[in-house]
Amino acid sequence: MTDTELQTYLHEKIPITRAMGFTIAGAGPEQISIAVPLALNGNHQGTAFGGSISAALTTAAWACVHIAARQLDENAVVVVREGTTHYDRPLHNDFVANASFVSEQELARMHTRYSRSGRVKVRHTAEIRFEGEVAASFTGSFVILAPHVV
């Protein structure tokens, strides 16, 4: 999936990502990066709104799981089961949420479980770095479901 295809998919299937100005800054071989403009996601303090930070991190992690799920079944559905966002420092500028792709080992585990039951739980993370330090991080659980299980 190219950057443009992923961005189009997000904007069509998760419309709030368009309203929030999320753009795919890169979907390289190891991670997905989602750029987020402060102008559309700021708060009354002139920093990034916590909800926007959480949404960007969740979306980056979800996108990685979504791409992995497509390797299992092109029609698989990915939903967020639960997630926690930690805010370590304020963000005064545009920012980028990064999530690494699922490892080959994890993908093999997912394939085995998905093949057996049509569903698999996956834990995944994402982070926003500022000046070399983590500014915010997300850890969450997603569920991949076969279309007949949904």
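Below: a short report on this structure. In this text, all values refer to a predicted model and were calculated from it rather than measured experimentally.

1. A few points about unusual backbone geometry
Of all residues except glycine, most have a negative phi; of all peptide bonds, most are trans.
Working step 1: Residues other than glycine seldom take positive phi values, yet Glu131 does so here, at roughly 50 degrees.
Working step 2: One can find Glu131 in the loop between β5 (119-130) and β6 (133-145).

2. Details of the pairing of β6
Working step 1: Counting buried positions along β6 yields 10 of 13 residues, so the element is predominantly enclosed.
Working step 2: Looking at chain direction, strand β3 (residues 77-87) and β6 are connected through 10 bridges and run antiparallel. The residue of β6 that forms the bridge with Thr84 is Thr139.
Working step 3: Pairing geometry for β5 and β6, over 12 bridges, is antiparallel. Each residue of the ladder has a partner; that of Arg119, found in β6, is Leu145.
Working step 4: Where β5 hands over to β6, the hairpin turn is made up of two residues, of which Glu131 adopts a positive phi near 50 degrees.

Procedures and definitions
- Residues numbered from 1 in each chain as written.
- Predicted model: local features only at pLDDT ≥ 70, side-chain atom pairs only at ≥ 80, totals over all residues.
- Heavy atoms only, no water.
- Helix = DSSP H or I, 4+ residues; strand = E, 2+ residues; numbered from the N terminus.
- Buried < 20%, exposed > 50% of the residue type's maximum accessible area, 1.4 Å probe, protein only.
- Pairing = 2+ DSSP bridges.

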